[in-house]
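Structure assessment
The lines below spell out each chain.
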Amino acid sequence: MTERTPLLHYRLSASVTEPEEEKQQQQQQRRRPATLDERSAGAPGRSAESRPQHKLSTFFGVVVPTLLSMFSVVVFLRIGFVVGQSGLYQTFGMLLVAYFIICMTVLSVCAISTNGALDAGGAYYMISRALGPEFGGSIGIMFFFANVCGSALYVLGLVEAIISTFGVSQDVPSGQHVLPTGYWWSLLYATAILLVCLLVCLVGAHIYARATFLIFIIVIVVLCTIFISFFAVAPRSIAVPSLNSSVLSSANFTGFKLETLLGNLYADYSVDYTTGITMTFATVFAVMFNGCTGIMAGSNMSGDLKNPSYSIPRGTITAVIFTFVTYIVLSLLVACSCERLLLQRDYSFLRDINAWRPFVTIGVYSSTLSAAMSNLIGASRILYALARDDLIGRVLSPAKKTSRGGNPWVAVLISWFLVQLVLFSGKLNTIASIVTIFFLLVYAAVDLACLALEWASAPNFRPTFRYFTWHTCMLGIVGCAVMMFLINAIYASASIAFMLLLLLVIHYLSPTSSWGYITQALIFHQVRKYLLMLDVRKDHVKFWRPQVLLMVANPRSSVGLITFINDIKKSGLYVLGHVTLGDLDSLPSDPLQSRYESWLSLVDRLNIKAFVNLTLADSVRHGVQHLLFISGLGGMRPNTLVLGFYDDCDPKDLLQDPPAQSAIFPDSLAASQDVEEQLPLQFPALRSMAINGGGKVLGPGEYVAIIADAVKMLKNVVLARYFCHFDRTEALSQRGEPLYVDVWPLNLLRPDSSSYVDTCSLFLLQMACVLNMVRAWRRARLRLFLCVEEGRSLRGPEGKLGHLLRDLRITADVHTVPWDQVVALHWQSNTARLSDDYLQAVNRLILHQSCPLPAVRFLYLPRPPADTHRYLTYLHQLDLLTRDLGPTLLIHGVTPVITTDL
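Residues numbered from 1 in each chain as written. Predicted model: local features only at pLDDT ≥ 70, side-chain atom pairs only at ≥ 80, totals over all residues. Heavy atoms only, no water.

The protein chain has the name Solute carrier family 12 member 9 in an unreviewed UniProt entry, where Scleropages formosus is given as its organism. Annotation of the protein chain in UniProt includes, under Subcellular location (unreviewed entry), the sentence "Membrane". Heading Sequence similarities (unreviewed entry) of the UniProt record for the protein chain holds this comment: "Belongs to the SLC12A transporter family." (UniProt positions renumbered as here; feature names shortened; annotations may be inferred.)

Now for the pattern of salt bridges. Under the counting rule described, the total for this entry stands at 8 salt bridges. Here Asp-567 and Arg-728 are joined by a salt bridge, their closest N and O atoms 2.5 Å apart. Residue Asp-567 is located in helix α21 (residues 559-568), and its partner Arg-728 is located in helix α27 (residues 728-733); the two are separated by 161 residues in the primary sequence. One salt bridge connects Arg-883 with Asp-879, and the closest N-O pair in it is separated by 2.3 Å. With a relative accessible area of 15%, Asp-879 lands in the buried category. Residues joined by salt bridges that share partners form a network here, namely Asp-647, Arg-721, Asp-879 and Arg-883. (Salt bridge = Lys/Arg side-chain N within 4 Å of Asp/Glu carboxyl O. Helix = DSSP H or I, 4+ residues; strand = E, 2+ residues; numbered from the N terminus. Buried < 20%, exposed > 50% of the residue type's maximum accessible area, 1.4 Å probe, protein only.)

Contact geometry of helix α6 (residues 123-131) with helix α7 (residues 133-166) gives a least axis separation of 7 Å together with a crossing angle of 160 degrees. Relative to α7, the element α6 lies roughly antiparallel. Of the two elements, α6 crosses α7, and the hand of that crossing is right-handed. Together, Ala-123, Tyr-124, Ile-127, Ser-128 and Leu-131 of α6 and Pro-133, Phe-135, Gly-136, Gly-137, Ile-139, Gly-140 and Phe-143 of α7 make up the contact between the two elements. Residue classes in the contact of α6 with α7 are distributed as 8 nonpolar, 4 polar and no charged. (Axes fitted to C-alpha atoms, helices over the stretch in contact; angles between N-to-C directions. Parallel < 35°, antiparallel > 145°, perpendicular 65-115°, else oblique. Left-handed = near helix turned anticlockwise from the far one by under 90°. Contact = heavy atoms within 4.5 Å. Nonpolar A, V, L, I, M, F, W, Y, C, P; charged D, E, K, R; others polar.)

Another aspect to go through is the sheet that holds strand β3 (residues 548-551). In spatial order, the strands read β5-β4-β3-β6-β7-β12-β11-β8-β9-β10; together these 10 strands make up an open sheet with mixed pairing. Each having just a single partner strand, β5 (611-617) and β10 (812-818) make up the two edges of the open sheet. Within this sheet the neighbouring strands show an average axis-to-axis angle of 25 degrees, counted without direction. Two elements, strand β9 (residues 781-788) and β10, share 7 bridges in a ladder whose sense is parallel. When the sheet's bridge partners are listed, Leu-782 is paired in β10 with Ala-812. Contacting β3, β4 (574-581), β5 and β6 (640-644), helix α23 (residues 620-630) runs over the sheet at an angle of about 135 degrees to β5. (Pairing = 2+ DSSP bridges.)

Our focus in this paragraph is a nonpolar patch on the surface. Taken together, the side chains of Phe-59, Phe-60, Phe-213, Ile-217 and Val-221 present a nonpolar region at the surface, about 400 Å² in accessible area. Those elements that provide at least two residues to the nonpolar patch are α3 (58-71) and α9 (205-232). The element best represented in the nonpolar patch is α9, accounting for 3 residues. The topology assignment puts Ile-217 in helix α9. (Patch = residues over 30% accessible without salt bridge, like charges linked within 9 Å, V, L, I, M, F, W, Y side chains within 5 Å. Areas by Shrake-Rupley, 256 points an atom, 1.4 Å probe, with all protein chains shown as cover.)

Structure (structure tokens):
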């Protein structure tokens, strides 16, 4: 009776682990509390004295583990299956395609590994430090599960090989086969083997590390006997099973014959005698491709190598070339000496034609056992690295525990428990496809990490290994994706969905890290490219949008205005500007750098889409000039300056008062009792910047001068009054009551002017319309007030404005307001200047038309006077005009913003 081993549909990807010296050093680093960044700092942060002294060379650290990972039982049990089903030509084609795919990934691994110091963690460390914690963590978890399933896969494969040799069979005398068979017996054998692996892992990874070279010698010796046997063994006939009966038939090992080679050149797909499934090109390719993976074993040893940047690329490429040549030569020898029937019906034929049959069995047992142990150790180390990085909160905290020698024994136990659960599946084919897909997903992620680093064009990405381009990365990604769906489309789709789910979970649970986010580099690269394409010479009024620079003295009293302007920006640029008074020559360092964190935290907390621009100047006016000149970039520059109104309104600290916080941040932490502790907003107390015993840092004359400067620079100007108490949530929450926005497009400081369609009036109307287009303000109705003399026909400017509203597709309720008595007050004064009585009368007129009360008013802001001596009078007039009107915007437009063209 010929002993046969079923086709083992599995692969080996040995995850070689960190030595105990590395663990001892990490345990010393964990004796004090560490932040995520400190725990993830990696090798550069270690002192030379604390590094382990015993390091591995290229051969022992990279070549040996990678060869063991890629060979395993594939070389013993799968070559004949592939040649017998697909023929020699297609076998060569499959090998070329498979190795082309993994070589693209190898190039990416070599590039990343030579771009800086690597810490332990292999693929997880590379991906997480390149793509950020979310993507790296999700791939790391899948890498962990791949190693768990891989360990179970090899344990089950070893059980099948043992049962095939020693199990009870009805075809032979019971004295030759002594092990009982069945599901529960197989589970018992698998549990016992896994228990041996567990004991080895609990003692320490160094036991497996010391045995690696011995296992490697065994595999090489077995390979040598296989090659010698093709030449030394005489032709023989070998019994093989028949598909339709229990009667054995025979197939021949012919030795080297041209007739045998010609019979094995072309494909002849038939039924797999172990599964009863008819093979196809896709199924055979998937089986064969499982044996071409395992290329990460060397990179997983990065923490234990003398020179990782030197060893990983050379060792990995050497191992890949060696295995490729071995597979090619072995396929050729098999095709020249074995009949197709032998290859299709006996997957353990290499043992039958070997000079000493137990050699192949020893090779299968030793390589499979080492694979199971290495995957169990690798899974525990990945789990430990994930727990150490705190990517999933406290869920994995127990896995951080280590022994005195630095061995993460809790992570080992967790991994062992999960492997034991997988063993209950009992079938290799049940998990073989999942394992391969998980590993392919990891390889694709490595290619994606290298591609992102290359596309980002970051100056610090300069690997010493330069034999790659973005094309090789893209080919690796496409190749891995094609193989995933070729192996099993359902499993591939489920794996990607699972990865995306993990990405979202880690995004919300993981703390902020200083690893760097590749997305930021990619965004920068693309934004720079599109900013260069944004040509200001191609600007057109049809596509105008407000791009706002809002000057904020202290955010504590400006929350209402900040949130309101965020609504009115209409997807345009929004910049929060602030001027700090000081002279850099008299300061030891830039005082603004430490303040950006608070401002950016404010932006995040208010959930607004704004940039922050701070400047240091000797006066507020000069600071505003600086910001108007330098804010923005290319075609994205502020065209509108927004200032708070200059008055004595009592400010209210909305960042300190919990009730106010609750209204402004209804769904945030702001409603808690200790807002300041949860919001790192380190802004000065209100009026604390006052000088000379309580005066403002900005005088009224300088305030008007800022308005005049902006107009000279062709910037639109908006003055916002009474927004210090504006509550956006309250204004928009009254669903049962109508919401109004009042617009007064006439220059009320020029009663002799009756124009409603000048540039400023149209800009005023456009801004009100922009606000009405925001989703939260769509239910608001615009009320347009036209001041007319009694008995005057609307066929003049008023009729023209009504026609314009229809052309501009602006829906507004037009109200005519007689103001003869108000205008009479102006003409009755003996001076050409506006009297206080007139301004107060206009103010009362506006208040009289405020039923029901509007949420906000838009008023015409006249240009500041050319005579600087009249600045105080100008400000006084604006004060009388808008007194007690509630939230009001005084708007002055200098550029055309409305067109009726398509």
